[in-house]
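Structure assessment
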Amino acid sequence: AQSVAQPEDQVNVAEGNPLTVKCTYSVSGNPYLFWYVQYPNRGLQFLLKYITGDNLVKGSYGFEAEFNKSQTSFHLKKPSALVSDSALYFCAVRDWGGGATNKLIFGTGTLLAVQP
Amino acid sequence: DAGITQSPRYKITETGRQVTLMCHQTWSHSYMFWYRQDLGHGLRLIYYSAAADITDKGEVPDGYVVSRSKTENFPLTLESATRSQTSVYFCASSGSGGAVGSYNEQFFGPGTRLTVL
């Protein structure tokens, strides 16, 4: 079965410090991986994706993610956290079941709290 | 403005009533999706649609009905609302491009917070 796991419900980091939000996956086909961010009372916003190519993917707002095939991970990172980065982050993987449907499977989300 | 919109943004209803949540997108995206967001579950797919008049069940379809007579609209109906359907509902859309090596990300609406009393 295809799945995404975000092992941490919450990550706390001080402003200016590097941050990592973890994600591991299990898929039956090629791993198309995504990160989305959700600010309070808003819909999800796309941050970045890995489809193929370089293992280090750069996205919006200074975020990047590292694809690691051997560890089946796709951790989200940022060199220097901002208070405004505080939000709920979702990892997702393309669902290959049922053909080319563009469906995604989402993790349960990780709340990032950046302290000033 | 272009984008994806949902209405209403907030809705309170009673058990047993029928409720319809609206979703409209202006990009002419082929795919549209309905999710519900619940604490501890993340986002779960209710229904999706690959094109007008083509819909299919997602992970949690029971108690919901969808239709898609026009590409830009994808309403979600709760035929007889139950308290367990209290949730935040998100609509999303994406362009086609399911071939290997390509993928178009999903764009989300602002959500509808539904409370069933």
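Preceding block: the structure.
To keep things clear, this report deals only with the structure shown in the data block. Keep in mind the model is a prediction, meaning the values are calculated, not measured. Counting of residues starts from 1 at the beginning of each chain's written sequence and follows it residue by residue. Lettering for chains starts from A, numbering for ligands starts from 1, and both go in the order in which the items are written. The predicted nature of this model means local features are confined to residues of pLDDT at least 70 and side-chain atom pairs, given and counted, to a pLDDT of 80 or more, with totals for whole chains, interfaces and linings taken over all residues. The side-chain values count all of the structure's non-hydrogen atoms but skip hydrogen atoms and water molecules.

**Observations concerning the packing of aromatic side chains**
When we look at a pair of aromatic rings, we describe it by the centre distance and by the angle of the planes. Note the cut-off: Aromatic rings from Phe, Tyr and Trp, with only the six-membered ring used for Trp, were paired whenever their centres fell within 6.5 Å, and each pair was classed as stacked if the ring planes differed by under 30 degrees, edge-to-face if by over 60, and tilted otherwise. Here a strand is any run of E in DSSP of at least two residues, a helix any run of H or I of at least four, and the numbering for each starts at the N terminus. Should the NZ of a Lys or the CZ of an Arg lie within 6 Å of a ring centre and within 35 degrees of the ring normal, that charge is described as sitting over the ring.
Taken as a whole and assessed by the stated rule, the structure comprises 16 aromatic pairs over all chains. Here A:Tyr25 and A:Phe67 contribute two aromatic rings whose centre-to-centre distance is 6.1 Å and whose plane-to-plane angle is 20°, an arrangement assigned as stacked. With A:Tyr25 in strand E4 (residues 24–26) and A:Phe67 in strand E8 (residues 64–68), this residue pair connects regions lying 42 residues apart in the sequence. Among the aromatic residues, those joined into a cluster by ring pairs are A:Tyr36, A:Phe46, A:Phe90, A:Phe106, B:Tyr31, B:Phe33, B:Tyr35, B:Tyr48 and B:Phe108. Between A:Lys78 and the ring centre of A:Phe63, over which it is positioned, the NZ or CZ distance is 5.0 Å.

**Topic: unusual backbone geometry**
For the bond running from B:Ser7 to B:Pro8, omega is -5°, close enough to zero to count as cis. On the secondary structure map, B:Pro8 appears in the loop between strand E1 (4–7) and strand E2 (10–13). Although it is not a glycine, A:Asn41 adopts a positive phi angle of roughly 60°. Along the chain, A:Asn41 falls in the loop between strand E5 (33–38) and strand E6 (44–50). A positive phi angle is found at B:Ser28, which is not glycine, with a value near 60°. Topologically, B:Ser28 is positioned in the loop between strand E3 (19–25) and strand E4 (31–38).

**A short note on the sheet that holds E1(B)**
All names here are of chain B. Basically, it comes down to this: The pairing criterion for strands is at least two bridges between them, as found by DSSP. To get an axis, fit a line to the C-alpha atoms, keeping to the stretch in contact for a helix; angles then go from 0 to 180 degrees between the N-to-C directions.
Within the open sheet, the four strands sit side by side as E1-E3-E8-E7. Their pairing is antiparallel. At either margin of the open sheet sits one strand with a lone partner, and together these are E1 and strand E7 (64–66). For this sheet, the mean inter-axis angle between neighbouring strands, taken without regard to orientation, is 20°. Here E3 runs beside strand E8 (residues 76–78); their pairing, made up of three bridges, is antiparallel.

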